[in-house]
Amino acid sequence: MENSNHSDRMPVLFGSKSLKTIITITFVAHIILTLLSFLGSVWQGLIMVVVFLIAWGFGFRFVDQYHEELDEYIMNLSFRIKRGEQEAIIKMPMGIILYNDDLEIEWINPYMQNYVNDVDNLIGKSIGVVHESILDKIVSDKELDQYGLIDWGEKTYHYEIQKGLKAVYLLDVTEYVAVKKEYEHYKPVIGWLFLDNYDEAVKDLDDREVSALDSLLTTYLSRWAKNNGIFYKKTSSDRFLIILSYSELKEVEENKFNIIDYIRERTSKRNVPLTISIGMAYGEESFNNLADLAQKNLDLALGRGGDQAVVKEVGYEPRYYGGKTNPTEKRTRVRSRMISQALQELIIEANSVYIMGHANPDMDAIGSSFGIARIAMMLEQEAQVVINPNDLANDVQKLIKETEKYSETYDNIVTPKEAAERITEEDIVILVDHHKPTLSIAPELLNKTKRNVVIDHHRRGEEFTENPLLVYIEPYASSTAELITEFFEYVPVEGNPINKIEATALLGGIIVDTNNFSLRTGSRTFNSASYLQSVGANITLIQRLLKEDKETYLERSELFKTIEFAKHGCAIAVGSDDQIHHPVTAAQTADEMLNMTDVEASFVITKRAENTVGISARSLGKINVQLIMEEMGGGGHLSNAATQIDSQTIQEVKDNLIDIINSLDD
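Residues numbered from 1 in each chain as written. Predicted model: local features only at pLDDT ≥ 70, side-chain atom pairs only at ≥ 80, totals over all residues. Heavy atoms only, no water.

### Some thoughts on the pairing of strand S19 (residues 570-574)
Move 1: By the criterion of burial, S19 is predominantly enclosed, with five of the five residues buried.
Move 2: Judged by which residues are buried, S19 turns out to be covered on both faces: Cys570, Ile572 and Val574 on one side and Ala571 and Ala573 on the other are all buried.
Move 3: Sheet topology note: the strand S18 (residues 564-565)/S19 ladder contains two bridges and is antiparallel. Across the sheet, Glu564 pairs through a bridge with Ile572, a residue of S19.
Move 4: Taking the residues between adjacent antiparallel strands as the criterion, S18 and S19 are bridged by four residues, where His568 takes a positive phi near 60°. (Buried < 20%, exposed > 50% of the residue type's maximum accessible area, 1.4 Å probe, protein only. Helix = DSSP H or I, 4+ residues; strand = E, 2+ residues; numbered from the N terminus. Pairing = 2+ DSSP bridges.)

See below:
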């Protein structure tokens, strides 16, 4: 037993520096003593030599014994290592399979024998006999090692295929997977619920009626929360904090956040129509960060017009629910005045102002740009309107030609290249009629200065300009031109007022976006149009600008010939893969298709560039074309939306569109 224990430890001889020093000193001392002994007497010297030899003889004998123990230790260690390897392979809770070049089993360890029947007949059989998925993984790529998870019976295994060794390793991770699923099941979700138009709904109610409405809302929300395992807490008169688990969120999503439709329908029957918006967030973040992300999602829902829910996992794209109705008007004169004053302060602080609309600008984008430029000039600031002369529709080209008669307006126009060369960090960029940087005429300007403002009437999407100083997005407005026209009421009159061509461009933007006041038109729209006419807008000039040439008319006629009907009253027209159509032509065709009997929504699919296909979508309100276009990477309004898709044919885009339409709820 002692020998066994002794051989289990690594012998140490000269591992210590102090021991080496002592041996060296002893050796030198023996030499000196021997020499001194010979000086005294020859016999004394001889005796010292004998003693020296005997002492070092014992030393060498000790060294020989050390080497014998070392050899014994190494042999013992080797044996233990081999025994450990064998026992590990046999007893370790991991399956091991060795296979040959023909993917036939050569050996399987005992652990695997518990999970495979008829082990004796496995040798020489295809590895697919053990598990078909493992064979598929090996065949898919015979060079690269692979790993992942597979289900086998009631268990889950982590597999690793080392193709150089022709070995498969399987580790039972059933418990770990179960723990992960449990975590996913109870992963926390934080959200905010907001009553969109609560203040407007209760302003004409007395205290008793307000109390009754609050009680009714509490009943609806409490029932919804209880049925779905949600904790909610009222933080203000129109705002609630909601907390739930991920599994409960999945149930709410499966029901498509039916609380949104329920509250709208129930309150409408009581003549106090209310809508709600919800923002939710979950993922690998702290509660503070999740609450902030939930607030951003709520802002996104409100920016899209409210009456909807936005759910977002950290690091992933948001999911949208609701938004089936046209947004209700929540803009007030007070808000317009506050935005106008804030915008004026930012313009005054800037060195110069650069205004740009979206690529392929329409009348609304150009008119809005001219309107902001006039406000800047009335504040005695320099203004530059960024326009790409090679990217203009026929009506906009004619408008720019008319603008040449008004040098004060025309001289403000610059190309994207000129703007990029002039702009500085002290300048401000104002985006009109869009909020996605990738849609801008000159997105590079946003990298030249961090100061930017967004004024838009489209429902907000996930993509947004970085850290804007001011955001004014009102989806219920007919057009951006309408929003900007209201600003003039609050601008000082010391500077030169808006001129006729600018007023005409703004009115043209309203007319185009409302399809001659037939879509998204409210009292504020007519008020803005009336103001613009009073300051010189020329309706006759607008009619001339919007007139079509024969080629455009024939293009639309050809598109009309291709109309096909899908479900839910959706009409689809398509162009050919070898003809490029201007976006305005497609949009006008979609507008006219709504005049046809039994058409609830229209879609025009045309080629926009060599590798790009676009869709212009319009609706009478029953079908939300914005949600359809968002599924295809675009956006817009409930009744007016569009998208552009790269690297697909028109037929592929059409098939995808029809699939989405067919998936709509009846």
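### Things to note about a negative patch on the surface
Move 1: A cluster of acidic side chains, namely Asp577, Asp578, Glu652, Asp655 and Asp659, defines a negative patch on the protein surface.
Move 2: Looking at the secondary structure, you find Asp577 in the loop between S19 and helix H23 (583-593).
Move 3: On the accessibility criterion, Asp577 (40% relative accessible area) is partly exposed. (Patch = residues over 30% accessible without salt bridge, like charges linked within 9 Å, V, L, I, M, F, W, Y side chains within 5 Å. Areas by Shrake-Rupley, 256 points an atom, 1.4 Å probe, with all protein chains shown as cover. Salt bridge = Lys/Arg side-chain N within 4 Å of Asp/Glu carboxyl O. Lys, Arg positive; Asp, Glu negative; His and termini not counted. Charge placed at Lys NZ, Arg CZ, Asp CG, Glu CD.)

### Focus on the sheet that holds strand S8 (residues 239-245)
Move 1: Taken together, six strands build an open sheet; the order of strands is S7-S8-S6-S9-S10-S11 and the sheet is mixed. On the outer flanks of this sheet lie strand S7 (231-236) and strand S11 (319-322), each paired with one strand and no other. Within the sheet, the average angular offset between the axes of one strand and its neighbour, ignoring direction, is 15°.
Move 2: In this structure, strand S9 (residues 276-282) lies alongside strand S10 (residues 308-313), joined through five bridges in parallel fashion. (Axes fitted to C-alpha atoms, helices over the stretch in contact; angles between N-to-C directions.)

### Considerations on the nonpolar core
Move 1: Membership of the largest hydrophobic core comes to 52 residues, with the highest contact counts inside it found for Leu343, Ile355, Ile372, Ile375, Ile430 and Ile455.
Move 2: Counting residues per element, this core draws most heavily on helix H13 (residues 363-378), which supplies eight residues.
Move 3: The contact partners of Ile355, leaving out residues within four places of it in the chain, are Ser369, Ile372, Ala373, Ala383, Gln384, Val385, Val386, Ile430 and Val432.
Move 4: By size, the runner-up hydrophobic cluster in this structure holds 34 residues, among which are Leu216, Val252, Phe257 and Tyr282. (Core = buried A, V, L, I, M, F, W, Y, C linked by side-chain atoms within 4.5 Å. Contact = heavy atoms within 4.5 Å.)

### Structural notes on the UniProt feature "binding site: Mn(2+) 1" (unreviewed entry) in the protein chain
Move 1: The feature "binding site: Mn(2+) 1" (unreviewed entry), as given by UniProt, occupies His358, Asp362 and Asp433 in the numbering adopted here. These annotated residues cover 76 residues of sequence, and their C-alpha atoms lie no more than 9.4 Å from one another, placing them together at a single site.
Move 2: Tracing the backbone through its elements, the reader meets Asp362 in the loop between strand S12 (353-356) and H13.
Move 3: You can call Asp433 buried: its relative accessible area is 1%. (UniProt positions renumbered as here; feature names shortened; annotations may be inferred.)

### A short note on a nonpolar patch on the surface
Move 1: Together, Phe27, Val28, Ile31, Ile32, Leu33, Leu35, Leu36 and Leu39 give the surface a local cluster of nonpolar side chains, amounting to about 770 Å² of exposed area.
Move 2: Looking at the secondary structure, you find Ile31 in helix H2 (residues 17-40).
Move 3: Accessibility expressed as a relative area gives 37% for Ile31, which makes it partly exposed.

### Describing the domain arrangement of the protein chain
Move 1: Its domain assignment divides the protein chain into domain 1 (16-90), domain 2 (94-177), domain 3 (187-322), domain 4 (335-546) and domain 5 (550-663).
Move 2: Taking the mean C-alpha position of each, domain 4 and domain 5 sit 27 Å from one another.
Move 3: Contact residues are listed per partner, giving 11 residues for domain 4 and 13 residues for domain 5.
Move 4: Our enumeration of links across domain 4 and domain 5 arrives at zero residue pairs in polar contact (both at pLDDT 80 or more). (Domains from an automatic or database assignment. Polar contact = N/O pair within 3.5 Å; in protein donor to acceptor, adjacent residues only side chain to side chain.)

### Overview of the sheet that holds strand S1 (residues 94-99)
Move 1: Here we have five strands laid out as an open sheet, ordered S2-S1-S5-S4-S3, and antiparallel in their pairing. If you trace the sheet from one side to the other, it starts and ends with strand S2 (105-108) and strand S3 (146-152), each paired once. In this sheet, neighbouring strand axes are inclined to one another by 25° on average, regardless of whether the strands run parallel or antiparallel.
Move 2: Of the pairings in the sheet, the one linking S1 to S2 comprises three bridges and is antiparallel in character. Among the inter-strand pairings, Ile97 is bridged to a residue of S2, identified as Ile108.

### Remarks on the packing of aromatic side chains
Move 1: Considering all chains together, one arrives at six aromatic pairs under this definition.
Move 2: Taking the centre distance of 5.2 Å and the plane angle of 85° together, the rings of Tyr220 and Tyr262 count as edge-to-face. Here Tyr220 is found in helix H8 (residues 207-228), whereas its partner Tyr262 is found in helix H10 (residues 258-269), with 42 residues between them in sequence.
Move 3: The exposure class of Tyr262 is partly exposed, given its relative accessible area of 26%.
Move 4: A centroid spacing of 5.4 Å and a plane angle of 15° characterise the contact between Phe517 and Phe526, whose relative ring orientation is stacked.
Move 5: Take Phe517: its relative accessible area is 26%, and that puts it in the partly exposed class.
Move 6: Directly above the ring of Tyr246 sits Lys187, whose terminal nitrogen or CZ lies 5.2 Å from the centroid.
Move 7: The ring of Trp192 has Arg239 lying over it, and the distance from NZ or CZ to the ring centre is 4.3 Å. (Phe/Tyr/Trp six-rings, centres within 6.5 Å; stacked < 30°, edge-to-face > 60°. Lys NZ or Arg CZ within 6 Å of the ring centre and 35° of its normal.)

### Quick look at a positive patch on the surface
Move 1: Among the surface-exposed residues, Arg223, Arg266, Lys269 and Arg270 lie close enough to one another that they form a single positively charged patch.
Move 2: Given a relative accessible area of 66%, Lys269 falls into the exposed group.

### Notes on unusual backbone geometry
Move 1: Positive phi is not limited to glycine here, since Asn271 has a value of about 65°.
Move 2: Mapped onto the elements, Asn271 comes out in the loop between H10 and S9.
Move 3: Given the relative accessible area of 68%, Asn271 is considered exposed.
Move 4: Backbone geometry places Asn360, a non-glycine residue, at a positive phi of 50°.

### Some remarks on the packing of helix H22 (residues 550-561) against H23
Move 1: Here H22 crosses H23 at 55°, and the two axes come no closer than 10 Å. Of the possible angle classes, the one that applies to H22 and H23 is oblique. Two packed elements cross with a definite hand, and for H22 against H23 that hand is right-handed. Contact with H22, carried on its side by Thr552, Glu555, Arg556, Leu559 and Phe560, involves Thr585, Gln588, Thr589, Glu592 and Met593 of H23 and no other residues of that element. (Parallel < 35°, antiparallel > 145°, perpendicular 65-115°, else oblique. Left-handed = near helix turned anticlockwise from the far one by under 90°.)

### Here's the deal with H23
Residues that lie three or four places apart on an α-helix share one face, since the helix turns once every 3.6 residues.
Move 1: With nine of 11 residues buried, H23 is to be regarded as a mostly interior element.
Move 2: Looking at H23, one finds that the buried residues are Pro583, Val584, Thr585, Ala586, Ala587, Thr589, Ala590, Asp591 and Met593.

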